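So you can see what is in the structure, the chains are spelled out below.
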Amino acid sequence: MNKQKTFSHDKVNLYLQNVIEGMLDLPDNSFDLAIADPPYGASTNATWKLDSGHTLDGFGGAWKLASHNWDMFNGLDGFEFTLTWLNELKRLVKPTGSIWIHSTYHNSGIVNVACQMLGIEIINEVVWYKRNAFPNLSGRRLTASHETILWIHTGENRRDYYFNYENVKAAHFKEDGLKEPGKQLRTVWDIPNNKKRSELEFGKHPTQKPLRLIERMLLISAEQEGRLLIPFLGSGTDVIAGLKHDMDCVGFEVEQEYFDLACRRISAYFEEKETDLQMELPGCNDQPKASNLSLNGLAVNVK
Ligand SMILES: C[S@@+](CC[C@H](N)C(=O)[O-])C[C@H]1O[C@@H](n2cnc3c(N)ncnc32)[C@H](O)[C@@H]1O
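Since we're looking at a predicted model, the values are computed, not measured.

Definitions and limits used
- Residues numbered from 1 in each chain as written.
- Predicted model: local features only at pLDDT ≥ 70, side-chain atom pairs only at ≥ 80, totals over all residues.
- Helix = DSSP H or I, 4+ residues; strand = E, 2+ residues; numbered from the N terminus.
- Buried ≥ 20, exposed ≤ 12 C-beta atoms within 10 Å, placed from the backbone.
- Contact = placed C-beta atoms within 7 Å.
- Core = buried A, V, L, I, M, F, W, Y, C linked by C-beta atoms within 7 Å.
- Pairing = 2+ DSSP bridges.
- Near = placed C-beta within 6 Å.
- Nonpolar A, V, L, I, M, F, W, Y, C, P; charged D, E, K, R; others polar.
- pLDDT = per-residue confidence, 0-100.
- Axes fitted to C-alpha atoms, helices over the stretch in contact; angles between N-to-C directions.
- Parallel < 35°, antiparallel > 145°, perpendicular 65-115°, else oblique.
- Left-handed = near helix turned anticlockwise from the far one by under 90°.
- Right-handed = clockwise from strand over helix to strand, strands pointing away.

## Concerning the overall build of the chain
For step 1, the next point in the chain: A count of helices and strands for the chain gives eight helices and 13 strands.
For step 2, the next point in the chain: Going through the 303 residues of the chain one by one, you find that 32% of them count as buried.
For step 3, the next point in the chain: Residue pairs in contact within the chain that sit at least 24 positions apart in sequence constitute 68% of those at least 6 positions apart.

## Description of the nonpolar core
For step 1, the next point in the chain: Of all hydrophobic cores here, the largest spans 58 residues; its most connected members are A34, I35, I230 and A262.
For step 2, the next point in the chain: Considering every element that reaches this core, the biggest residue donor is helix 8 (residues 256-280), with seven residues.
For step 3, the next point in the chain: Setting aside residues no more than four positions away along its own chain, A34 makes contact with L89, V93, I99, L229 and P231.

## Digging into the pairing of strand 11 (residues 248-253)
For step 1, the next point in the chain: The buried fraction of strand 11 amounts to five of the six residues, a majority that puts the element mostly inside the structure.
For step 2, the next point in the chain: Two strands pair when backbone bridges link them, and strand 2 (residues 12-16) and strand 11 are joined in this way by five bridges, in the parallel orientation. Looking at the pairing, L14 lines up with G251 of strand 11.
For step 3, the next point in the chain: Pairing of strand 10 (residues 227-230) with strand 11, which is carried by four bridges, proceeds in the parallel orientation. Among the inter-strand pairings, R227 is bridged to a residue of strand 11, identified as D248.

## Examining the site of the ligand
For step 1, the next point in the chain: The environment of the ligand is formed by 19 residues, the closest being D37, F232, G234, S235 and T237.
For step 2, the next point in the chain: Those elements that place two or more of their residues in the shell around the ligand are helix 1 (19-22) and strand 11.
For step 3, the next point in the chain: By residue class, the composition of the shell around the ligand is eight nonpolar, seven polar and four charged.

## What to know about the confidence of the model for the chain
For step 1, the next point in the chain: Per-chain confidence: the chain averages 87 in pLDDT, with 80% of residues scoring 70 or above.
For step 2, the next point in the chain: Low confidence marks residues 284-291, where pLDDT is under 50. Its contacts with residues over four positions away, or in another chain, come to four contacts.
For step 3, the next point in the chain: Contacts of residues 299-303 to residues separated by more than four positions or lying in other chains number 12 contacts, the stretch itself having pLDDT below 50.

## Observations regarding the environment of W85
For step 1, the next point in the chain: You can see W85 is positioned in helix 2 (residues 75-92).
For step 2, the next point in the chain: Taking the C-beta count within 10 Å as the criterion, W85 has 20 such neighbours and is therefore assigned buried.

## With respect to the packing of helix 2 against helix 3 (residues 108-117)
Relative orientation and spacing of two packed helices are given, respectively, by the angle between their axes and the distance between those axes.
For step 1, the next point in the chain: Their axes nearest at 10 Å, the elements helix 2 and helix 3 cross at an angle of 50°. As summarised for this structure, helix 2 and helix 3 are arranged oblique, according to the angle between their axes. You can see that helix 2 and helix 3 cross each other, and the crossing is right-handed. Of helix 3, the residues touching helix 2 (which contributes G78, F79, T82, L83 and L86) are I110, V111, A114 and M117.
For step 2, the next point in the chain: Partitioned by chemical class, the residues of the contact of helix 2 with helix 3 number seven nonpolar, two polar and no charged.

## Some words on the pairing of strand 10
For step 1, the next point in the chain: Side chains R227 and L229 project from strand 10 onto one buried face, and the interleaved L228 and I230 project onto a second face that is buried too.
For step 2, the next point in the chain: Across two bridges, strand 3 (residues 31-36) lies against strand 10 in parallel orientation. Looking at the pairing, A34 lines up with L229 of strand 10.
For step 3, the next point in the chain: In the classification by handedness, the crossover that spans strand 10, the intervening helix 7 (residues 237-244) and the parallel strand 11 is right-handed.

## Focus on the environment of V239
For step 1, the next point in the chain: One can find V239 in helix 7.
For step 2, the next point in the chain: Separated by 204 residues in sequence, V239 and I35 have C-alpha atoms that sit 9.8 Å apart.
For step 3, the next point in the chain: For V239, the residues in contact, after removing those within four places along its chain, are V12, I230, C249, G251, A262 and I266.

## Thoughts on the packing of helix 6 (residues 211-221) against helix 7
For step 1, the next point in the chain: It is the contact of helix 6 with helix 7, at a shortest axis distance of 9 Å, that shows an interaxial angle of 50°. One finds that helix 6 runs oblique with respect to helix 7. Read as a crossing pair, helix 6 and helix 7 show a hand that is right-handed. Taken together, the residues of helix 7 that come into contact with helix 6 (itself represented by L211, I214, E215 and L218) are T237, D238, I240, A241, G242 and K244.
For step 2, the next point in the chain: Residue composition of the contact of helix 6 with helix 7, by class: five nonpolar, two polar and three charged.

This is the structure:
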């Protein structure tokens, strides 16, 4: 086992480790749900940047096109990598559970073919429509305004995966112009890609997902108190959503910077929850706080 650094709590275990190695230590059928937001292979070495002070209407402030080492691989490497982690998710998630996978056109074909090769059934392909997507700079392509999300399961013909059908049908999502309360949820989700200040206050991740996108996945497919596997942790968005759903979470991240960001964010979540609990229990404010958080086995002060 080659675990370098861990963050642990009653309900969360995070590893600063390559997920391909880390998952090998986990037992078969030990999770109810997985949310995979893998590298898309969308980064490029080309330098595309717009300095501040430009005069292009609608292009916002200064920016530089994404270029991250963890997101750079060619087709065959990407395919092998996808097959490897997906095969492990198939082993780890119960046949009664399900898996969500984020993608763009860079990797959506690979993920789809990998599912077919591994005998994994696609429940739905969801189009996440980002109505506030960034304009296309080159003027040589359409403005990319969506991502593709696959909802899959490994239970074959039994199709025993959990679907919170009635609550999803009844749901009202304030910002989603395509969903009416009492009507079935469609496979196109209108969710703006902006985050609340509270989602960004511990640092930013370049491909951080909005919390309400992940909360919607959990509303659809997660049973309270289940176990959630997050192979590509990033800033920890899926952990926060999982905790709000009272789930136990296990996550992996290779980059120290993002691992630390996720730890800060999740620690603050517990801190806030504890404060809320004390306010709900008048008279308990003077009691010492139970310290059940640890980093590499050491108790952590989250302030
Ligand atoms: C698309 S981002 C996830 C963003 C996340 N959903 C969020 O909301 O912040 C993918 C993350 O996976 C990490 N990563 C890439 N390859 C990995 C690997 N082999 N094992 C673990 N983490 C990896 C990257 O460093 C990156 O932070």
